[in-house]
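Take a look at the letters that make up each chain.
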Amino acid sequence: MPPIHKVSEKPKNAKKTFKMLLHYLKPYYIPIITILIFAILSTILSIFGPKVLGKATTKLFEGVMFKIQSPSGYIDFNYIFNILAWLVLIYISSALFRYIQEYIMNIISVKISYNLRKQISEKINKLPLKYFDKNTYGDVLSRVTNDVDTISNNLEQTLSHVVSSVVTIIGVLIMMLSISPLLTLISILTLPLGMTLVGLIVSKSQKYFKTQQEVLGEINGHIEESYSSHEIIMAFNAQEKTIDKFNNYNTKLYNSAWKSQFLSGLMMPILSFIGNIGYVGVSVLGGYQVIKGRIQIGDIQAFLQYVRQFNQPVMQVSQIANVFQSVMAASERVFEFLDEKEEVKDSENTISIEELKGEVEFNNVMFGYDKNKIIISDFNAKIKPGQKVAIVGPTGAGKTTLVNLLMRFYELNSGSIKIDGVDIKNMKRSELRNTLGMVLQDTWLFNGSIKDNIAFGKLDATDEEIIEASKKAYVDHFIHTLPEGYNMIVNEEGNNISGGQKQLLTIARAFLANPGILILDEATSNVDTRTEIIIQKAMNKLMKGRTSFIIAHRLSTIRDADLILVMDNGNIVEQGNHEELLNKKGYYYNLYNSQFETKTSES
C-alpha cells in the first residue's frame, strides 16, 4: 500500500506557489483590470453615499431647529428630495458595477478551474507508473476535485474583495480626514492592534488548512479502496478494521478542520470588538464637537457611517486572509502535481518498424524500482519471431516487471530491449504500445456498452470488425444472449457479467487491436473448467502467428511453449522447452513437481 503523506506544517514554498498562481491569471489580465476598474467605481460611489446623506441630514436638522426658533421657518424638502434622488442613483450605479465585477470574476474562476482540470488530466497520462506506486489514487482524485474547487470557489473573493476593501479603506480614510482629522486619528488607533492579532492568527491557522487538504486526499483514497474492495472486506469480516481506519482519517480531518475554522473564526469577533471601541470613542467625541459647533450634525452622522465602512473592509481583509490560506494550500498541492517528473520524452529521431516480425532481444537488462535495490540484473534473452515464450518463477521473481519493461512503463537502469533490432528507447511509446497487446489476469472494463469496451482496442473500429473480433474470441454467442446484446451496459465493477465472460471480452479487444506481439497473464485460474477451455482456445487462436509472452502461474498450461524462461530473483536461471527443462532436473523440474504434488495432495 502506498505510504501516507506526511503533513506539512506550512507551505513548502509559498512564494513559488503565489508566482504560479499569478502565471495562471496572466491570460485574464484584461478582464481582471476591468474587474478592478468596476470594483473601484463601485466602491467610490458607495463611499460618497454617506457624505451625500450627511448633507440631507444637516439640511433637515437646520430646518427643524429654524422652525423651533421661528414659527415662520420651514424645511427645504425639495433640496432633501433632490439629495435622496442622487443617493438612490449612486447606490444603484454602485450595485450595477459590483454585479458586472462579480459576473466577470465568476467566468474567470470557472475558466481557471476548467484549465487546471484539463492540465491535470493531461498530466496523469504523462506520469510514470512509479508515481502511482508511491501515491494513492484518492490523493490524485482529491487534487482534481477538492483542491481545484477550493481554488475556483475562493479565487473570486480573494481577487475582487481585496481590491474593493483596499479602495474602501483608502477612500473612507480620505473622506474621514476631510471631516475631522482628530476623529480619524481616534478611529485608526485601534487598527495596528487588530492587524497584529490577525497576523498572529493567520500564522497559527495555516498549518491546519494545509493538513485539512491533505487528509481529504487520504480519506478519498480510503473510500475508493473500500468501495472497490467491498466484497473482499465483507468476506474477511474486515468491516470493523475498515471503519476504524476511516474513523482515524476522519478524526484527523475533524481536528484539522475545527482548529483551522476556530482560529480563523476568531478574527471577526476580535476585529469587531476592537472596531466598536473606536466607534464608541468617535461617538462621544463627535457629540461633544457638535455641541461646541465645531462640526455639523450631518458630518458626524456621515463620519459614524464611515467608521462602520472603515471597519468592514478591515474585517473583510481578515476574511480574505483566511480564504487566501485555503487557496494557497490547495494551489500548492495542484502545482506540486503538475510539476511532477514526467515519463522520459520520446527521442527526437524516433525509428519506426515498417513490417513487424516480432523478434525481441533483452541485452544486459538491469532494473530496480529503487536504484539502490536492483530487481532484475544482467538479464539476457533472445526471442525469435512467432515464438510462444512462457515466463515462470515464484512470486517476486520479476515476471511482471519484465513485461512492464517491455511495455516501457518503466525506464531501464542499464542495458537495452530491442524489437526487430530497434531499441525501444528509439521508438515512440505510442507506436511501441500499438505493436504490443495485453490480456491480463485482472480484467478491466469501463462503465459503458459491451461494444464500446471491445472497441477500446481500436477506437475507430466498425461494427463488423467488432463482431468479427468477438467471434474469434468465442464471445459473440454469449453477447447475443444478453437482453441488449452489444449495447448492454457493463457497470463500473463489471459484476453484471462473469469473470470468464469479462476475460473473453478482453481477448476480443486484443483481437480487434491486432498487435504483432502479445503479452498474456494466464487468466484461467478463477473460472470453471468449461470456461477455462474456451478461454484457452481463444488465447491459442490469438497467439497463432504472433510472438507471445505468457506470464505462467500454472506450469501445466505452458507445456507447448517454444521457450520457457525460468526466473528467480530477477535472473534467468534456466531456459528451454518443457521437456528439456524437465530432463535437466533443476529449478524448473522442482517447481513443476511441487505444483503437481500440491494438486495431488489437494485432491
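Because the structure is a prediction, the values reported are computed rather than measured.

How each quantity is defined
Positions within a chain are numbered from 1, following the residues in the order the chain's sequence is written. With pLDDT at 70 or above as the cut-off, local features in this predicted model cover only qualifying residues; side-chain atom pairs require 80 or more to be listed or tallied, and sums for whole chains, interfaces and linings still use all residues. Side-chain descriptors were evaluated using all non-hydrogen atoms of the structure, hydrogens and water having been removed beforehand. Helical segments are the DSSP runs of H or I of at least four residues, strand segments are the runs of E of at least two, and each set is numbered from the N terminus. Burial status follows relative accessibility: with a 1.4 Å probe on protein chains alone, a residue under 20% of its type maximum counts as buried, one over 50% as exposed, and anything between as partly exposed. Accessible surface is estimated by sampling points in the Shrake-Rupley manner with a 1.4 Å probe; for residues, cover comes only from the protein chains shown. In what follows, salt bridge is the name for a side-chain nitrogen of Lys or Arg lying within 4 Å of a carboxyl oxygen of Asp or Glu. We call two strands paired when DSSP finds no fewer than two bridges between them. Working definition of a nonpolar core: buried Ala, Val, Leu, Ile, Met, Phe, Trp, Tyr and Cys residues. They are joined through side-chain atoms within 4.5 Å. Contacts between residues were defined by any pair of non-hydrogen atoms, one from each residue, lying within 4.5 Å. Orientation is described by lines fitted to C-alpha atoms, with helices fitted over the stretch in contact, and by angles between N-to-C directions that extend from 0 to 180 degrees. For every residue, the pLDDT score states the predictor's confidence, bounded by 0 at the bottom and 100 at the top. Comment on the angle field: the value is read as roughly parallel under 35 degrees, roughly antiparallel over 145, roughly perpendicular from 65 to 115, and oblique elsewhere. Residue type decides the class: Asp, Glu, Lys and Arg count as charged, Ala, Val, Leu, Ile, Met, Phe, Trp, Tyr, Cys and Pro as nonpolar, and the leftover types, Gly among them, as polar. Crossing handedness is defined as follows: a turn of the near helix away from the far one that is anticlockwise and smaller than a right angle gives a left-handed crossing, while the clockwise case is right-handed. For patch building, the residue pool is restricted to those with more than 30% relative accessible area and no salt bridge; the joining distance is 9 Å between like charges and 5 Å between nonpolar side chains (Val, Leu, Ile, Met, Phe, Trp, Tyr). In this tally, Asp and Glu contribute negative charge and Lys and Arg positive charge; neither His nor the terminal groups of the chain are included. Positions of charges follow a simple convention, taking NZ of Lys, CZ of Arg, CG of Asp or CD of Glu.

Draft legend 1. Quick look at the overall build of the protein chain. Secondary structure assignment for the protein chain yields 20 helices and twelve strands. A total of 603 residues make up the protein chain; the buried ones form 45% of that total. For the protein chain, the computed accessible surface area is about 31800 Å², with 58% contributed by carbon and sulfur atoms.

Draft legend 2. The arrangement of the pattern of salt bridges in detail. Per the stated rule, a full pass over the model turns up twelve salt bridges. Among the charged side chains, a network of salt bridges with common partners joins E343, R408, E411, R429 and R433.

Draft legend 3. Quick look at the pairing of strand 10 (residues 547-551). Burial within strand 10 is extensive, with five of its five residues counted as buried. Where burial is concerned, the two faces of strand 10 agree: the one with T547, F549 and I551 and the one with S548 and I550 are both buried. Relative to strand 10, strand 3 (residues 388-392) is paired through four bridges, and the arrangement is parallel. Bridging from a neighbouring strand, V389 pairs with F549 of strand 10. Sheet topology note: the strand 9 (residues 517-521)/strand 10 ladder contains five bridges and is parallel. Its bridge partner lying in strand 10, D521 is registered against I551.

Draft legend 4. Region of the structure containing the nonpolar core. Counting residues in hydrophobic clusters, the biggest one holds 45 residues, and the most contacted among them are I450, I454, I507, I558, I564 and Y588. Among the elements that line this core, the one with the most residues is helix 17 (residues 499-513), at seven residues. Those residues in contact with I558 that lie beyond four places of it in its chain are A390, V392, I550, A552, I564 and Y588. By size, the runner-up hydrophobic cluster in this structure holds 32 residues, among which are V360, F362, L405 and L563.

Draft legend 5. Structural view of the sheet that holds strand 5 (residues 422-423). Taken in spatial order, the four strands make up an open sheet running 2-1-4-5, and their pairing is antiparallel. Of all strands in the sheet, those bounded by a partner on one side alone are strand 2 (376-383) and strand 5. As judged from the two bridges shared by strand 4 (residues 414-419) and strand 5, these two strands associate in the antiparallel manner. Following the sheet pairing, I419 is matched in strand 5 by V422. Along the sheet, helix 12 (residues 399-406) makes contact with strand 1 (360-367), strand 2 and strand 4, crossing strand 1 at roughly 115°.

Draft legend 6. Summary view of the sheet that holds strand 10. As summarised here, the arrangement of the six strands in space is 6-9-10-3-11-12, forming an open sheet in which the pairing is mixed. The open sheet has two edge strands with one neighbour each: strand 6 (436-439) and strand 12 (571-576). For this sheet the average axis-to-axis angle between neighbouring strands, irrespective of direction, equals 20°.

Draft legend 7. Layout of the pairing of strand 4. As defined by bridge partners, strand 1 adjoins strand 4 across five bridges and the pair is classed as antiparallel. Looking at the pairing, V360 lines up with I419 of strand 4. Between strand 4 and the antiparallel strand that follows it, strand 5, lie two residues; D420 among them carries a positive phi value of about 55°.

Draft legend 8. Spotlight on the confidence of the model for the protein chain. Per-chain confidence: the protein chain averages 79 in pLDDT, with 88% of residues scoring 70 or above. The low-confidence segment residues 1-10, where pLDDT is below 50, has 23 contacts with residues more than four positions distant or belonging to other chains. Low pLDDT (under 50) marks residues 599-603, which in the prediction has two contacts with non-local residues, meaning those over four places away or in another chain.

Draft legend 9. Molecular detail of the environment of S205. Relative to the elements of secondary structure, S205 occurs in helix 7 (residues 191-228). Sequence separation between S205 and A257 is 52 residues; the distance between their C-alpha atoms is 9.9 Å. Setting aside its immediate chain neighbours within four residues, S205 contacts S260, L263 and Q325.

Draft legend 10. The arrangement of the side chain of T150 in detail. Along the chain, T150 falls in helix 5 (residues 137-179). Of the residues examined, T150 reaches a relative accessible area of 15% and is grouped as buried. Apart from the residues lying within four places of it in its own chain, the contact partners of T150 are Q213, S326, V327 and A330.

Draft legend 11. Here's a closer look at the packing of helix 17 against helix 18 (residues 529-543). Relative to each other, helix 17 and helix 18 sit at 10°, their axes nearing to 10 Å. Put simply, helix 17 runs roughly parallel to helix 18. Note on element contacts: helix 18 touches helix 17 through T531, I534, I535, A538, M539, K541 and L542, opposite G500, Q503, L504, I507, A510 and F511. Here the contact of helix 17 with helix 18 is built from residues that sort into nine nonpolar, three polar and one charged.

Draft legend 12. Quick look at the side chain of T506. Checked against the element boundaries, T506 lands in helix 17. Its relative accessible area of 6% is what places T506 among the buried residues. Excluding residues that lie within four positions of it along the chain, T506 makes contacts with V439, T443 and L445.

Draft legend 13. Structural context of the packing of helix 15 (residues 463-472) against helix 17. In the contact formed by helix 15 and helix 17, the axes pass within 8 Å of each other and the chain directions differ by 125°. In terms of orientation, helix 15 and helix 17 fall into the oblique class. Here helix 15 and helix 17 pass one another in a crossing that is right-handed. Two secondary-structure elements touch here, helix 15 through E465, I466, A469, S470 and K472 and helix 17 through A508, F511 and L512. Partitioned by chemical class, the residues of the contact of helix 15 with helix 17 number five nonpolar, one polar and two charged.

Draft legend 14. Representation of helix 12. The buried fraction of helix 12 is high, at seven of eight residues. Regarding helix 12, the residues found buried are K399, T401, L402, V403, N404, L405 and L406. Just downstream of helix 12 lies R408, where phi reads positive at about 60°.

Draft legend 15. Just a nonpolar patch on the surface, in detail. A surface patch of nonpolar side chains, amounting to about 540 Å² of accessible area, comprises F18, L22, Y29, I33, I37 and L41. The biggest single contributor to the nonpolar patch is helix 2 (residues 29-69), with four residues. Tracing the sequence through the fold places L22 in helix 1 (residues 14-25).

Draft legend 16. Representation of unusual backbone geometry. The backbone phi angle of D378 is positive, close to 50°, even though this residue is not glycine. For D378, the position within the fold is in strand 2. Residue class for D378 comes out partly exposed when judged on its relative accessible area of 48%.

Draft legend 17. Spotlight on a positive patch on the surface. A surface patch of positive charge is lined by K130, K134, K341 and K371. Position of K130 relative to the elements: it lies in helix 4 (residues 129-134). When its relative accessible area of 42% is taken as the criterion, K130 is described as partly exposed.

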